Amino acid sequence: MSYDALLWLSFGGPEGPDEVMPFLENVTRGRGVPPERLAEVAGHYQHFGGVSPINRLNREAIAAVEKELAAQGLDLPVYFGNRNWQPMAEDTLARMAADGVRRALVFPTSAYGGYSACRQYDEDIERARAAVGDDAPELVKLRQFFDHPLFVGAFADALRAAHAGLENARTVFTAHSIPESADKAAGPPEEGGRRYSRQIGEAARLVAAEAGVGEYDVVWQSRSGPPRIPWLEPDIVDHIEALHADGVKAVVVCPVGFVSDHLEVVWDLDNEAAERAGELGMGFARAATPNGDPRFAELVVELIREHIAGAPARKLSAFPAAGCTVNGAPCAVGCCEPAKRPATGAGRPAR
Ligand SMILES: CC1=C(CCC(=O)O)c2cc3nc(cc4[nH]c(cc5[nH]c(cc1n2)c(C)c5CCC(=O)O)c(CCC(=O)O)c4C)C(CCC(=O)O)=C3C
Ligand SMILES: [Fe+2]
């Protein structure tokens, strides 16, 4: 099996003040996110001039991957497309088709399973192919990589570096919170769900072990959605307060659930969590995400090589290697089912 290209598939983010609201409308369409929450999040983006760092970080990572592909003698042009903002995956795929691409690999910028982290990227692939029509290239998504030694190694070094300036700091891993119901539905049904939170827990364990950290906690951040719906808890800020009450003097936060220092990392951690820790007189440091680490480009190219060779997955956990599917098919029947939406505005209209 040979491939003509790599599609770098990400979340997308605004690049100017006028793009914030239309971007947020794309993200939350049909998802029951209350308007107050939307207004609050819009404020986070406007605080940074309406520019999310995520597109720049993706472009930097793509440049590094292009270099690594060339260094390894792989001729695979890289295209960039997003779920929620320009360059939209549909437009990129149309360009790929026009360039003569027939089969492409897809690298999703999320390491984990679950609806938001895995299955929704399958839906993006399906939607983009449907928009392009008969000429749409075949798209094969690469597997989940939360337990890959290069991913774990990059986080472990970042965690060690963050600890360097702080005495006796408690390690706290964070990931994006998701609704309890989405976590229960994460993974193939026969596995009993919770694949997202269990994979986060496993990645945290692996990173802590490699960094030589004994005690640590796993908590959640960036909760959205109506307050009456339960999401994964505790929240990072509440947890910092609880640690303070227990006499902990400093925290090192490691955002193991993300691959880059995008807006939810720089706002919810570097701003909100850091500020609360400061008010409580606690030391605070945040470990970097792998996006800027040379191992991230190596990881992407290794996943490509592994897939092309049909080689066994290089991985550190006992979780099955999942997420690699063709043309947006789910990993397994019923795997990571999207949550049932309220009757009004259910589903996502085609864009
Ligand atoms: C698991 C997960 C990841 C990790 C996997 C991955 O990386 O893909 C992730 C990443 C990201 N989430 C991001 C931004 C947002 N997420 C939102 C809303 C939501 N996220 C959810 C989950 C996740 N999100 C969920 C269940 C919702 C509720 C609405 C829904 O069911 O879809 C909202 C709406 C406003 C709000 O916060 O309510 C925004 C703006 C950005 C871009 C940041 C930037 O611009 O730099 C990134 C990388
Ligand atoms: Fe999100």
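For the structure, check the block above.
Keep in mind it's a predicted model, so treat the numbers as computed, not measured.

Participant: What is the right way to read the packing of helix H6 (residues 149-164) against helix H8 (residues 195-211) from this model?
Facilitator: A pair of packed helices is characterised by two quantities: the angle between their axes and the separation of those axes. Between H6 and H8, whose axes approach to 8 Å, the crossing angle comes to 55 degrees. Judged by the inter-axis angle, H6 sits oblique to H8. In the crossing of H6 with H8, the sense of the turn from one axis to the other is right-handed. Contacts between H6 and H8 involve Val-152, Gly-153, Phe-155, Ala-156, Leu-159 and Arg-160 from the former and Ala-203, Leu-206, Val-207, Glu-210 and Ala-211 from the latter. Class assignment for the residues of the contact of H6 with H8 results in 8 nonpolar, 1 polar and 2 charged.

Participant: Help me out: how do you make sense of the sheet that holds strand S8 (residues 283-286) in this one?
Facilitator: Paired through their backbone hydrogen bonds, the strands of a sheet run either parallel or antiparallel. Strand order across the open sheet formed by 4 strands is S6-S5-S7-S8, with parallel pairing between neighbours. A strand with exactly one partner marks an edge of an open sheet, and here the two such strands are strand S6 (216-221) and S8. When strand polarity is set aside, the average angle formed by the axes of neighbouring strands in this sheet is 25 degrees. The sheet contact formed by strand S5 (residues 170-176) and S6 spans 6 bridges and is parallel. Note that in S6 the partner of Ala-175 across the bridge is Trp-220.

The rules behind each value
Residues numbered from 1 in each chain as written. Chains lettered and ligands numbered in written order. Predicted model: local features only at pLDDT ≥ 70, side-chain atom pairs only at ≥ 80, totals over all residues. Axes fitted to C-alpha atoms, helices over the stretch in contact; angles between N-to-C directions. Helix = DSSP H or I, 4+ residues; strand = E, 2+ residues; numbered from the N terminus. Parallel < 35°, antiparallel > 145°, perpendicular 65-115°, else oblique. Left-handed = near helix turned anticlockwise from the far one by under 90°. Contact = placed C-beta atoms within 7 Å. Nonpolar A, V, L, I, M, F, W, Y, C, P; charged D, E, K, R; others polar. Pairing = 2+ DSSP bridges.

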